[in-house]
Amino acid sequence: MGSAQVNRILKANEYSHTFLRSPASHGVLGFHSNMLPSNHPCEDRRSSATCLPGRGGVLFGVFDGHAGPACAHAINQRLFYYVTVAMLPLRTLRELESAVEEERAVPPMLEWHKYPQDHTGLDGSAISFQSLRNYWQERLEDGEEGEESGEDEDDRVTSALVSAFRRLDYDLSVEAQVHLRASLPGEGLPFSSPLRVALSGSTACVIHVSNGVLHVANLGDSRAILGVQEADGSWTAVSLTNDHNAENPDELQRILGEHPSSEQRTVVRHDRLLGLLLPFRAFGDVRFKWKAEMLSRVYETRPDVLSAVNEAVRTLPPHYLTPPYLSAEPEVTRHLIRPADKFVVLATDGLWELMHRQRVVQLVGEQLAGLQQQRPIVPSEDMTLGGLQRLLLERRGRVLSVLEDQNAATHLLRHTLGDDGYGAVAPNRLAKMLSLPTDLARRYRDDITITVVHLSEL
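Calculation rules
Residues numbered from 1 in each chain as written. Predicted model: local features only at pLDDT ≥ 70, side-chain atom pairs only at ≥ 80, totals over all residues. Heavy atoms only, no water. Helix = DSSP H or I, 4+ residues; strand = E, 2+ residues; numbered from the N terminus. Buried < 20%, exposed > 50% of the residue type's maximum accessible area, 1.4 Å probe, protein only. Contact = heavy atoms within 4.5 Å. Areas by Shrake-Rupley, 256 points an atom, 1.4 Å probe, with all protein chains shown as cover. Phe/Tyr/Trp six-rings, centres within 6.5 Å; stacked < 30°, edge-to-face > 60°. Axes fitted to C-alpha atoms, helices over the stretch in contact; angles between N-to-C directions. Parallel < 35°, antiparallel > 145°, perpendicular 65-115°, else oblique. Left-handed = near helix turned anticlockwise from the far one by under 90°. Nonpolar A, V, L, I, M, F, W, Y, C, P; charged D, E, K, R; others polar. Polar contact = N/O pair within 3.5 Å; in protein donor to acceptor, adjacent residues only side chain to side chain. Salt bridge = Lys/Arg side-chain N within 4 Å of Asp/Glu carboxyl O. 1 Å grid on protein atoms, 1.4 Å probe; cavity = no way out; pocket = protein on both sides within 12 Å on 5 of 7 lines; lining within 4 Å. Points joined across faces, edges and corners; volume = space filled by probe spheres on them. Core = buried A, V, L, I, M, F, W, Y, C linked by side-chain atoms within 4.5 Å. Patch = residues over 30% accessible without salt bridge, like charges linked within 9 Å, V, L, I, M, F, W, Y side chains within 5 Å.

### Regarding the overall build of the protein chain
Piece 1. Along the backbone of the protein chain there are 15 helices and 15 strands.
Piece 2. Each of the three principal axes of the protein chain carries a C-alpha extent, and together these read 85 × 50 × 45 Å.
Piece 3. Here the protein chain holds 458 residues, and the buried ones make up 53% of them.
Piece 4. Nonlocal contacts in the protein chain, meaning residues at least 24 apart in sequence, comprise 74% of its contacts between residues at least 6 apart.
Piece 5. Carbon and sulfur atoms provide 50% of the accessible area of the protein chain, an area that totals close to 21000 Å².

So this is what it looks like as structure tokens:
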């Protein structure tokens, strides 16, 4: 495989976007993103958008699907709308409701920033829109604004993120139950079927940036890592998320504490939920949430459903006694962006399984510094020709390693797959990793999705 073919594969899904410097950018300069599938079809998804009405903000998300891509696909299309509805002032929601009632055009909630091949917007189904509308109608009925309830801005964002995640997961479950009752055996199960969505699952890691404050809502084992440039120019990686799996003692205790002592040996087995699922929090995966009677009914009466979904989903989990076992409540962290905070790397676990967070931040930081070195040199009045030549040679050495990729996410992918063990890329290793057939590639790596968000303090 030649270098041109390597670059074609590596850059097939890369995307970058620069924000105009204005209050609407909320302290985000721009972002670089890329995806490299391992599964066929790819089970990862990514999103980025600006919230248009209300106080606004910029949203970024990565979604790692399992038992098929259907849930990750639905979350990718729908979650940001739920987040926006959860944050909007009630007067804006009233305007939305009036527009729908009077059959006027509903003003756009989001401006998507997406690679052309990525799917955007609501999935087009009336069910999705009706569920979202029910959500804002309930907010209007409750009639409690964050300001009136005594919440400050940060608490309001946190509670809105938690509410949006929980509500969308609830709606996925209800939509699947309605579909189960209304559909007939033998009808088939299209890709966007509510049942297929709910029986598959997805982790989610979402960043919300507004007025220089960063909130991260995480569900599962994708991560957000902050790249901080110290006073001496060195780089430090700061974790903004915790993994929700058996390697996190707090998460393990949370799960065990939610079930009777008689289940202590069976809730988590072989570091997996009920011996089956690695993440302890996720969207969908109703086989870890619905009552046993309902699941048994699906398994017994709907062979058409089971034949259409992943094999892992086709039987009741062992020791399924006190559901739900799986949570869709995100863990939210808040961070005030400082001058030293230069970027956030948001990525699915496919990246973190292969590279340590410090190395990830180091690579992005060095690339950032290298690209900055390409700016025109303005020599001082007393600089000699020899001095200028030395300066140019130094700069050339610094930027050679980063010029290949202007996109930081692609730069990370190249180093992740082609690392020679000494910090450089071995072209042969990179070519070999990219030419593995699908069934073999899965043994070496997962789908990898990376978004690097470049920050500026306000």
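There's plenty left to go through after this.
### Let's talk about the packing of aromatic side chains
Piece 1. Within the structure shown, the criterion is met by 11 aromatic pairs.
Piece 2. Aromatic side chains Tyr82 and Tyr135 sit 5.5 Å apart centroid to centroid with 20 degrees between the ring planes, which places their arrangement in the stacked category. Here the residue Tyr82 occupies a position in helix 2 (residues 70–87), and Tyr135 occupies one in helix 4 (residues 126–142), the gap between them amounting to 53 residues.
Piece 3. For Tyr82, a relative accessible area of 0% puts it in the buried group.
Piece 4. Note on Tyr320 and Tyr325: the rings are 5.5 Å apart at their centroids and 45 degrees apart in plane angle, and the pair reads as tilted.
Piece 5. The class of Tyr325 is buried, set by a relative accessible area of 1%.
Piece 6. Here the aromatic residues Tyr15, Phe19, Phe31 and Phe60 are joined through ring pairs into a cluster of three or more.

### Some remarks on the packing of helix 3 (residues 90–101) against helix 4
Piece 1. Their axes nearest at 10 Å, the elements helix 3 and helix 4 cross at an angle of 135 degrees. The angle between helix 3 and helix 4 falls in the class oblique. Crossing angle aside, the handedness with which helix 3 passes helix 4 is left-handed. Where helix 3 approaches helix 4, its residues Leu90, Leu93, Arg94, Leu96, Glu97, Val100 and Glu101 are matched on the opposing element by Phe129, Arg133, Trp136, Gln137, Arg139 and Leu140.
Piece 2. Class assignment for the residues of the contact of helix 3 with helix 4 results in 7 nonpolar, 1 polar and 5 charged.

### Details of helix 13 (residues 408–418)
Piece 1. The buried fraction of helix 13 is high, at 11 of 11 residues.
Piece 2. Every buried residue of helix 13 is accounted for by Ala408, Ala409, Thr410, His411, Leu412, Leu413, Arg414, His415, Thr416, Leu417 and Gly418.
Piece 3. Sitting at the amino-terminal end of helix 13 is Asn407, which places a side-chain oxygen 2.9 Å from the backbone nitrogen of Ala409.

### Here's the deal with the pattern of salt bridges
Piece 1. With the rule as written, the count across this model stands at 15 salt bridges.
Piece 2. Arg254 is the salt-bridge partner of Glu258, the closest N and O atoms lying 3.0 Å from each other.
Piece 3. Accessibility expressed as a relative area gives 46% for Glu258, which makes it partly exposed.
Piece 4. The salt bridge partner of Arg414 is Asp405, with a shortest N-O separation of 2.6 Å.
Piece 5. Since its relative accessible area comes to 2%, Asp405 is described here as buried.
Piece 6. Residues joined by salt bridges that share partners form a network here, namely Glu251, Arg254, Glu258 and Arg281.

### Side note on the layout of surface pockets
Piece 1. Reported here for the largest pocket is a volume of approximately 550 Å³.
Piece 2. Contributing to the lining of the largest pocket are 26 residues, with Gly65, His66, Leu278, Arg442 and Asp446 lying nearest its centre.
Piece 3. At the level of elements, strand 4 (57–66), helix 10 (349–352) and helix 15 (438–444) are the ones that each hand at least two residues to the lining of the largest pocket.
Piece 4. Looking at the lining of the largest pocket element by element, the count peaks at 3 residues for strand 4.

### Concerning the environment of Leu36
Piece 1. Mapped onto the fold, Leu36 is located in strand 2 (residues 28–36).
Piece 2. The class of Leu36 is buried, set by a relative accessible area of 4%.
Piece 3. For the pair Leu36 and Val106, spaced 70 residues apart in sequence, the C-alpha to C-alpha distance is 35 Å.
Piece 4. Setting aside its immediate chain neighbours within four residues, Leu36 contacts Ile9, Leu413, Leu417, Leu434, Arg445, Asp446, Asp447 and Ile448.

### Details of the nonpolar core
Piece 1. Within the largest apolar cluster, 42 residues are counted, with the highest numbers of intra-cluster contacts made by Leu79 and Phe283.
Piece 2. In terms of residue count, helix 2 provides more of this core than any other element does, 13 residues in total.
Piece 3. For Leu79, the residues in contact, after removing those within four places along its chain, are Phe63, Ala164, Phe165, Leu168, Val206 and Phe283.
Piece 4. Counting 30 residues, the second-largest nonpolar core is a separate cluster that includes Leu274, Leu277, Val309 and Leu326.

### Digging into a nonpolar patch on the surface
Piece 1. A contiguous nonpolar surface patch, about 260 Å² in accessible area, is contributed by Tyr170, Val174 and Val178.
Piece 2. By relative accessible area, Val178 is classed as partly exposed at 43%.

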